[in-house]
Amino acid sequence: MKLKVKASCNVCGDVYHEVDLKGERLSWFNDQLKKSGVAPVSWDHGDHILVVYVDKRGSARASYTYPVVKTRLAKQNWRRVKAKALVDSNVNMLFANWNNKLYCDSYWRLATEPEEVLPHADTARIASLDGREFWILSSGANRMIIARMLGWHRDFFQAMQELLTQATLAEPDIVGNPVVQAVLASIASTPFFYTSNSASVFSDLNKRVKATRAALLAKHSLNGELALLIDSLNSHDTLKDALLSATPRQISLLVKYYRTLKNTGVLKAV
Amino acid sequence: MLMVRKFRCAMKLLRNVNSLLSVSRLGRMVNALALVIGLDKLGLLALLESPRSIEEIAAFIGDVKRQAFLEELLKALVNEGVLDGSNGLFRVNKATVKKLYSMRGSHPFFKGAEYLLAGFEEFMYEILVEVLRGASFDFVSPEVATLFYLQNSSPAYKIGREILLELGGGKNLKGKCILDLGCGFGVEPLTILEYLDFDCHLICADFFSNVVDECMHTMVEGESTPLPAPKPLKDLDNVEFVVLDPSMNTPFPLPDESVDSVFSFQLLHWSSYPQRIINECARVLRKGGTLMIATPLKDDNETTTIDVVVKASGGNRIYTESELSAFMEEAGLEVYCSFLSNFMVARKPNNSRK
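Everything numeric here is computed off the predicted structure, so don't read it as measured data.

A. Structural view of the overall build of chain B. Regarding its fold elements, chain B presents 15 helices and 14 strands. In terms of overall size, chain B behaves like a compact globule, its C-alpha atoms giving a radius of gyration of 21 Å where 354 residues would be expected to give roughly 20 Å. Dimensions along the principal axes, computed over C-alpha positions, put chain B at roughly 60 × 45 × 40 Å. Among the 354 residues that make up chain B, the fraction classed as buried is 46%.

B. The arrangement of the domain arrangement of chain A in detail. All names here are of chain A. Here chain A is partitioned into domain 1 (2-66), domain 2 (79-189) and domain 3 (200-269). Averaged C-alpha coordinates put domain 2 and domain 3 at centres separated by 25 Å. Facing 16 residues of domain 2, the contacting portion of domain 3 comprises 11 residues. Elements with a minimum of two residues in the side of domain 2 that touches domain 3: helix H3 (154-170) and helix H4 (178-189). Ranked by the residues each element gives to the side of domain 2 that touches domain 3, the list is headed by H4, at seven residues. Residue composition of the side of domain 2 that touches domain 3, grouped by class: 10 nonpolar, four polar and two charged.

C. Here's a closer look at the sheet that holds strand S9 (residues 125-129) of chain A. All names here are of chain A. With mixed pairing, nine strands are arranged side by side in an open sheet as S3-S4-S5-S9-S10-S11-S7-S8-S6. Of all strands in the sheet, those bounded by a partner on one side alone are strand S3 (38-44) and strand S6 (79-80). As defined by bridge partners, S6 adjoins strand S8 (residues 102-107) across two bridges and the pair is classed as parallel. Bridged to Arg80 within S8 is Tyr103.

D. Inspection of the domain arrangement of chain B at higher detail. Residue and element names in this part refer to chain B. Taken domain by domain, chain B holds domain 1 (17-136) and domain 2 (160-347). Distance between the C-alpha centres of domain 1 and domain 2: 29 Å. With 19 residues of domain 1 at the contact, the number on the domain 2 side is 14 residues. At the level of elements, helix H2 (23-42), helix H5 (67-79) and helix H8 (114-132) are the ones that each hand at least two residues to the side of domain 1 that touches domain 2. Tallying contributions element by element places H2 first for the side of domain 1 that touches domain 2, with eight residues. Its residues assigned to classes, the side of domain 1 that touches domain 2 shows 11 nonpolar, four polar and four charged.

E. The arrangement of the nonpolar core in detail. Counting 172 residues, the largest nonpolar core has Met93, Ile145 and Ile146 of chain A as its most contacted members. When residues of this core are assigned to their parent elements, the largest contribution, 12 residues, is made by H8 of chain B. Setting aside residues up to four positions removed in sequence, Ile146 of chain A forms contacts with Val91, Met93, Phe134, Trp135, Met160 and Ala188 of chain A. Among the nonpolar cores identified, the runner-up in size contains nine residues, and Phe29, Val38, Leu50 and Tyr53 of chain A belong to it.

Parameters at a glance
Residues numbered from 1 in each chain as written. Chains lettered and ligands numbered in written order. Predicted model: local features only at pLDDT ≥ 70, side-chain atom pairs only at ≥ 80, totals over all residues. Helix = DSSP H or I, 4+ residues; strand = E, 2+ residues; numbered from the N terminus. Rg over C-alpha atoms; globule rule 2.2 N^0.38 Å. Buried ≥ 20, exposed ≤ 12 C-beta atoms within 10 Å, placed from the backbone. Domains from an automatic or database assignment. Contact = placed C-beta atoms within 7 Å. Nonpolar A, V, L, I, M, F, W, Y, C, P; charged D, E, K, R; others polar. Pairing = 2+ DSSP bridges. Core = buried A, V, L, I, M, F, W, Y, C linked by C-beta atoms within 7 Å.

Here's what the structure looks like:
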């Protein structure tokens, strides 16, 4: 599908772009249109990226820009921390502590060396290296670097940033916590499940989380995979233990609905 | 003007519910079926295939401490024809039970209450026994909260809310400040906002922080919104949130005469303090402002199946139309519309001194 878009870029002024959406990107675009009435398309403007939300008629409804860094920075003295990937995530991610210059690459399978990307991680931004875009998210000393995948839009960048901020409240040193990494990696694997429901998942990881009998009713309207995970909660000592036996998709679903499940009382942290 | 509004509402209801005059009766029947499902799960229906005294029924349940509530339960079921009760003996009326079960699968009103019915299948029957045995059940328990979280999103409730908005001023409510009293988990504010094309200032109020928290995080999305991307309700400039005191010892945290309308859908029968709630609504309403209330209303003081289900779920009871009118008048409000044994709208007079 060819789309002609006239939009306002806050760096370049009024711009006119054409984009040819095909395959997975087109399918995702239509999905977003159906869901929210608008969908984002983005263009690389060199030192910044323009994201335009268009409606079903192709009219621009809102636009944003964010800076992009393409220059290589000198390597710094970073130290790798060995850790096991606890879930099978398809997303390439680095977890780092900026202050201590430590990083963990258990979810990183790219040819680009972590040390190439890490110097950019002084603050949240986008780095474009070797023709690939890396999203650098920052909260306290914690850094999460994600290789952007097809179809990801700016809202997801913000969502992951919010997620990292919530994770940091419970875990100021993400490099040393493979369970928190596993939760983040699971959500990144299924990014479109994400909502802002997740805040207390991280602080509850070491608590016993029980399903009440309200789960008997709720399970009829829950995704089957999530219902299975909820069923299993009562047989684990902590939420962390339960998540270690779960799939990334199940973890993402739990994170998506966690606030609601706690607010209604289906789940109780004890 | 009022007749026009009523006519529009009635037409809407006819289109969607199929039956205009029997809404109140259907409500009682749905709750009767919920109780039948509960009794069936407990084995009581089988017991009642032969005539049984209340003592025999209490002995079957065991450790019944609330004899009066058991009496209310049985009487309400007799009134709905589920039980035959004569000479102090109760026996199940199989034809009525069969009819109720068949309506579950076929009648739109019953389909709209499916979560209530499923709740009685899953756990409410246990709660009924706990209450009969003396437990004090809280209507914000996980079970009831979950049941109503799911129930509240049913199309039947959406229609009900839109009818109440129609009765309370319809699209004339655009641009007004509306207090959504008992906003629940978020579906209700969305209905109000969408109905008014997001053109109003909405104060979402509920009695429990977990409910308000969930409401705040309800996502606003879809083609009907003016937003470029999905957002939680809390991020909308024209929506704010307040948590109220469930004991009603503290006034609503809103100034006198600060809102144009109060919208309260299916809330009043849950609270033990209906008069205090209506007094507070009257206080915060501007002169000429409207209070819109939807709550099941009954014809007389007889206990109904709705009363029993509400009490078993930790709520208070339902009221007669004259009781609700009296609450309004006591608060200095003038009732100007009562509709379908469910809806009542009152206005704060322009010369009000309260």
